[in-house]
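Close look at the chain arrangement
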Amino acid sequence: MSTSKLLRLSAVLSIAFSGLARAEPASCPQLDFTNELPPIPSDPKLVLTADDADLSEGGLSTLTGSVRISQDGREFAAEEVNYSEVERRVRTDSQTLFRDSRYAIRSAKTDYDLDIGSGVFLDNDFTLRTIGGRGEAKRISIEEGGKARLDDVRFTTCAPGNEAWTISASSISLDEDSGRGTATNALLKFQHVPLFYLPWFQFPIDGLRHSGFLFPIVGNNETNGFDIRWPVYLNLGPNYDVTLIPRYLSERGEQIGGQARYLLKGNEGSLFGEFLPSDDRLNGDSRAYLDYQHVGVLAPNVGLEAKYGYVSDRNYFGTFGGGVDLTSTPYLERGAKLTYQAPTVFRVEALVQDYQTLTSSQTLTSTLGADLNLYKRLPQIRVDALTKNSVLDTRAGFVGEFTNFARAGSVEGQRIIAQPYLRWEKDQLAWYANAQTELSYTAYNLRNVGAGLPDAPRRTLPLFSAEGGLRFERLTGSGNLQTLEPRLFYLYVPFRDQQDLPLFDTGQPDFDFPQLFARNRYSGFDRVSDANRITTALTSRLIESDSGISRLSATVGHIYNFRGPRVDLPGFSSPSEGGSDYLANLEYQLNTRWSATATAQVSSNLDQVIRSAVALHYREPQAVTSGRRFDLAYRYRRGLLEQADASFSSPITDAWRLAARLRYSLRESTALESFAGVEYQTCCWAVSATYRRYLVGGIERFNNGFYLQLELKGLTRIGNGFERLLPADDDAVGDKRSYNGR
């Protein structure tokens, strides 16, 4: 089947059935023949008003001249009405206006039973208030309970005088109980051009979630060819649903995907999966992806988190996934964590954890100087305790942990950690001080150790730290509050030779502000760095007195090592005696829309920038929907990356909106990701087109794609828009250097 035929078929089928899914009421102004009338009375008593009344035997009355009949939120308005007191029935043979909370009907002839709440209207113009639609019908019959049937009907959600799309049908039945409308023998026209005919289909009328077909996502790219996803939404209950996602890729074959979501009392989770039985471009190999997430509460003070990720091959995300962030994912996590939190006293965590590595150890080692083939934790049990009350401002605490590490072909075994400590804290308005002394004990029981290495090494280390700070404040000439907050932190840890200890979970994080005040410059517990150092930092903030908003925050920090640490990691350098690099951070909120941030790591002699990031952001209050947004960022790390990132999204007129993004590597002179999109929107329909080019799996290979989406408001709702391709407010590019495995 040709691509053009597939496009036409997908449009026909999806529009026909997509209305069952999430409906979004249109915002077009509708028929205004009720605008000049006063609100409908809600009095349960029958109220009749007219200029003249002709009463006859048998309770029949003929009311003429500005007749109005109202009861229980329903009203008739006409120039002449025949009313039967015995039958409680209203009949008209001239133009009549009927309105209630659901309908506004202007008809040429009416027969309505007031007691039952049912009637027939002939030759009508109407407005469906629940979905903001309008149309004409030869006959409308309203039944008891809110059901209605419209015969020989034409319907749209567009404003009067604009019929960009219409549905003409032999009949449309509306059922408020189910929240659905059903059309038979329906013909849909877009811009007066017939698109398709269907003998039967349904659409929502209450704005709630309903099972059915969603609008498709149609595109074309170099990797997969013609690409169409046609989601099917199943509203299984008020707190759980399923979305099935059949997908056809002309270069690879048919794929089935889906997402299940649930929301229970104290628990929520989701399961997402995709399966391609036979990839035509990979000799018929099957390919799959699975992602499960759960978080919840099992009992008071007991929580559970679980996640499971699986992918059939390392190139899966490059083939079927998104842009830079997803295709560069090094591993998928699998595990579960059970937590017990005793109020203010202690916390117990039990964890089992595994990873699926997506990038070869050789590639990761050559890129980062590290092996990210991570260890399994089967299991890990951790206890954190701290006394509730203090004595002389001192509290006692304990950290304990047992972990069983497993990884094929490597050193394996158990590790036990015990860290009792005493913490003294004093905090006054103008100053604060604290100190902590602890004893760190670590014991191992190992397997598969190398020749000459112990299988049960031990390590015992005392640690001491002290911190203090001052808080100065002054009022500026404009009445704002400016602070000056100097801070000192001292750390002493004696040296212990740790070369015989394995490396299960130890890494070296980036040198950033948390590292200035960390008690160990390594992550994990396999290495505890010796230290005799002092950290100095200075922060100044400018706070608006009336709003409390921090307009400006600037911080600079620095470490001075009285001696260079001797404990190191393979592939990483250790700081020397003397001053470290300087860290600086600036955050400036210019006004409610403009903000700027800047961070930098500068060498100790201030002659070289090691790492920096600068960003400028603009946000209008309605940036998520129709407001303007702008982002400009620059990121640099010596010897690793230099990138620029620019993006914007803005309405050009009331109907047109543009969006674009460019992530560019100045180091490789290559665009890592780019997209440009345009959207045209009216109150009853919208169309968007997006072109995207993004990096797949490496600097050498890129994918190009074009995507087109059409929305007929009142029938369906477009899924993802431009926002998912724009950077998040805290989006930043960096690298995490770590070491795992020996």
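Please refer to the structure placed before this passage.
Keep in mind that this is a model prediction, so the values were computed, not measured. (Residues numbered from 1 in each chain as written. Predicted model: local features only at pLDDT ≥ 70, side-chain atom pairs only at ≥ 80, totals over all residues. Heavy atoms only, no water.)

Some thoughts on the state of the cysteines
This structure, assessed with the given rule, holds one disulfide. What pairs with Cys158 in a disulfide is Cys684, and their sulfur atoms sit 2.0 Å apart. Judged by the torsion about the S-S bond (80°), the Cys158/Cys684 disulfide is right-handed. A residue pair is termed long-range when its members are at least 10 positions apart, and Cys158 in the loop between β10 (148-156) and β11 (165-175) and Cys684 in the loop between β41 (670-681) and β42 (685-695) qualify at 526 residues. (Disulfide = S-S within 2.5 Å. Helix = DSSP H or I, 4+ residues; strand = E, 2+ residues; numbered from the N terminus.)

Re the pattern of salt bridges
The final tally for this structure, using the stated rule, is 47 salt bridges. Between Arg593 and Glu620 there is a salt bridge, with the nearest N and O atoms lying 3.6 Å from each other. Highlighted residues: Arg593 in the loop between β35 (582-589) and β36 (594-602) and Glu620 in the loop between β37 (609-619) and β38 (629-637), separated in sequence by 27 residues. Glu620 sits in the buried class, given a relative accessible area of 15%. (Salt bridge = Lys/Arg side-chain N within 4 Å of Asp/Glu carboxyl O. Buried < 20%, exposed > 50% of the residue type's maximum accessible area, 1.4 Å probe, protein only.)

Side note on the packing of aromatic side chains
Tallying each qualifying case throughout the model produces 24 aromatic pairs. On the basis of an interplanar angle of 75° and a centroid distance of 5.4 Å, the ring pair of Tyr560 and Phe562 is categorised as edge-to-face. Joined through ring pairs, the aromatic side chains of Phe272, Tyr289, Tyr316, Phe317 and Phe320 make up one cluster. A cation over an aromatic ring shows up here: Arg407 above the ring of Tyr375, its NZ or CZ 4.2 Å from the ring centre. In this structure, Arg487 is placed above the aromatic ring of Phe517, and the distance from its NZ or CZ to the ring centre is 3.5 Å. (Phe/Tyr/Trp six-rings, centres within 6.5 Å; stacked < 30°, edge-to-face > 60°. Lys NZ or Arg CZ within 6 Å of the ring centre and 35° of its normal.)

Description of the pairing of strand β21 (residues 285-299)
Examined bridge by bridge, strand β20 (residues 267-279) and β21 share 11 bridges and lie antiparallel to one another. Residue pairing across strands places Gly269 opposite His294, the latter belonging to β21. Two elements, β21 and strand β22 (residues 302-311), share 10 bridges in a ladder whose sense is antiparallel. Within β22, the residue paired with Val295 across the bridge is Glu305. In sequence, β21 turns back onto β22 through a hairpin of two residues, with Asn301 there showing a positive phi of about 75°. (Pairing = 2+ DSSP bridges.)

Quick word on the environment of Pro462
In this structure, Pro462 sits in strand β29 (residues 458-470). According to the relative accessible area criterion, Pro462 is partly exposed, its value standing at 36%. In sequence terms Pro462 and Val493 are 31 residues apart; their C-alpha atoms lie 6.5 Å from each other. Setting aside anything within four residues of it in sequence, one finds Pro462 in contact with Glu438, Leu439, Tyr492, Val493, Pro494 and Arg496. (Contact = heavy atoms within 4.5 Å.)

Regarding a nonpolar patch on the surface
Together, Trp431, Leu470, Phe472, Leu484, Leu538 and Val556 line one region of the surface with nonpolar side chains, adding up to about 500 Å² of accessible area. For Leu470, a relative accessible area of 39% puts it in the partly exposed group. (Patch = residues over 30% accessible without salt bridge, like charges linked within 9 Å, V, L, I, M, F, W, Y side chains within 5 Å. Areas by Shrake-Rupley, 256 points an atom, 1.4 Å probe, with all protein chains shown as cover.)

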